[in-house]
Structure formats: C-alpha cells, structure tokens
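Breakdown of the fold
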Amino acid sequence: MVGGLSDAFDITIFARASLPNVRSRKTTPSLLAKLVGGTALLRRYRDLQTFAEEVAFDRQVASRLDDCSIFQGVTGQCLSSLETVRRHGGTTILDSITAHIDEFADVGRRECSRFGIRFPINHRMQRRMQREYEIADKIRVMSEYAKSTIVERGIDCEKLIVAEPYYDMNEFAGVESASKPFRICYLGALEPWKGFQHLIEAFDSLEVEDAELELWGGSGSHAVTAYLDRVFSRCKKISRDVVNVRHAGFGKVFDGTSVLV
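Here goes a summary of the coordinates provided. The structure presented is a predicted model; accordingly, all values stated were derived computationally and were not measured. (Residues numbered from 1 in each chain as written. Predicted model: local features only at pLDDT ≥ 70, side-chain atom pairs only at ≥ 80, totals over all residues. Heavy atoms only, no water.)

Strands belonging to one sheet form pairs held by backbone hydrogen bonds; the direction of such a pair is parallel or antiparallel. Reading across from one edge, β9-β8-β7-β10 is the order of the 4 strands in this open sheet, with parallel pairing throughout. In this open sheet, the two edge strands, each paired with only one partner strand, are β9 (238-241) and β10 (259-260). Relative to β9, strand β8 (residues 212-216) is paired through 4 bridges, and the arrangement is parallel. In the strand pairing of β9, Glu214 is matched with Ser239. The sheet strands contacting helix α8 (residues 196-204) are β7 (183-187), β8 and β9, and the helix crosses β8 at an angle near 170 degrees. Sitting on the sheet, helix α9 (residues 222-234) is in contact with β8 and β9, with an inclination near 130 degrees to β9. (Pairing = 2+ DSSP bridges. Helix = DSSP H or I, 4+ residues; strand = E, 2+ residues; numbered from the N terminus. Contact = heavy atoms within 4.5 Å. Axes fitted to C-alpha atoms, helices over the stretch in contact; angles between N-to-C directions.)

It is worth spelling out unusual backbone geometry at this point. One non-glycine residue with positive phi stands out, namely Asp210, at about 60 degrees. Within the secondary structure layout, Asp210 lies in the loop between α8 and β8.

Next up on the list: the packing of aromatic side chains. Applying the stated criterion to the full structure yields 6 aromatic pairs. Ring geometry for Phe104 and Phe119: centres 5.6 Å apart, planes at 70 degrees, overall edge-to-face. Taken together, the residues span a long stretch of sequence, with Phe104 in helix α5 (residues 101-115) and Phe119 in the loop between α5 and α6 (123-135) at a distance of 15 residues. On the accessibility criterion, Phe119 (5% relative accessible area) is buried. Here the aromatic cluster, defined as three or more aromatic residues joined through ring pairs, consists of Phe104, Phe119 and Trp193. (Phe/Tyr/Trp six-rings, centres within 6.5 Å; stacked < 30°, edge-to-face > 60°. Buried < 20%, exposed > 50% of the residue type's maximum accessible area, 1.4 Å probe, protein only.)

Next up, the structure:
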C-alpha cells in the first residue's frame, strides 16, 4: 500500500517498527496485551489481547494527528483516530480488510469452535468496527464480495471503493509453474477463519497422482498446531514452511506451483 501511494502523497506511517524510505512514527505495545499474551492461563483469551492491543494503538495514533489532512486506518484500529481527524476537518478512509465484520465474525466463531478456541474479535471490538463503518467518509474494500456484505447491512454504497491490494509484477519475474508433480501452494495464516482446514480436507479427497500440498504460514494456537501435527504424521504429501515468503524469495515459494490458494 505504501508503495502504491508514496508517489502521490506525503505519507506518515504509524507502526511498531520503522519502514524503509517512508516517514514512520513508532508506537509502543499495550501492557495489558503483553500480560495476556505472556501468561499461560490468560493466553487463551486472544480476543481480550486483540482488543487491548488495538485500542492502545488507536489512542496513541489519535493523539498525534493534529496536522493530518487525509487519514487511512484499518478496521478495529482507528475509531478514535477517525473521530479526531473528522473534528479537525480532515478526510477519513477506513480500510476494511475482510467482509463486513458481522459476517466475518459469524464465520470465524463457527470455524474456531471446531478447534475449541476463541475467535480473536470479541463483541466489544465488533461494535467498535460497526461504528467505524458509520463515521468514515470512505470505506476501501478489497473485492466486490466484501463490498456487497457491507452494503447489505445498510452502509451507503457511495461510501465504498473497491481497490485490490497493490503489487509489482516485476517482483515475480522468472517464476515458472509446473505440470508435475501437481503442487498446491497455500499462503496465509494457519488460522481457522482462513479456512485452511477445508483445503486440507479437500486435498485428502483429491484423486490426483503425485499431488502435493505445501502450506506457507504459522499457527497461533496449540489446538491448531496439534491438528497440523496429526495431519503431517498421517500424510507425507502435506508439508509446511513458516519462513517469511518475501524473505524466502518468491521464486522459492512459487516455482513449480500448479495452484495457488
């Protein structure tokens, strides 16, 4: 996103770490979130950790937006910031990275229940996101599907802009697909709401000779890790690598892939 916007705007990024070649303002972690994440008995309450983290981040950003003319923030992370910029007469854009939060939460809670874990967005966070939809001047979504789920829940269609994620095709130069073996490559977090478990189930029923499934991503719970361990022990055609895809190189990840999920 920064790469796509930096030629047209004077950008400041708020983040945990500085980004190269862009003005960055670092934020500090939430002490409550660190306590939850660092305590064995509390670690299962991922929704509490997420809520504390996002609210703390938002408050830090909101306190430093006096000279902001255009603000773009991600759902769940920017309610106070949106309110601050609007009070100062600026323009606000909400970056919705999922379907409408109500639909996303319904699916997420259903899939998390299969693993006996908590969905990391609680009802307080859900209401917070609903309020962000209401007050943002514009809402950017990544697909027509995501747009439809928001419009169906009463948000003005004129507020929504469909803009797919920015990418540079030159970064993929030289990547080749292959006919054999039939290799399926999954990129993404190995979390229940991503649906990776349905991909594994589909692969189990796939009747293709020499088929392989490679998962690129990490898991965030013991229950998912235990599930994956059972999968790997019974099926040697399924494997996983947790390295950062960009650091590993797109050639290593994509070369020889027949289908990308």
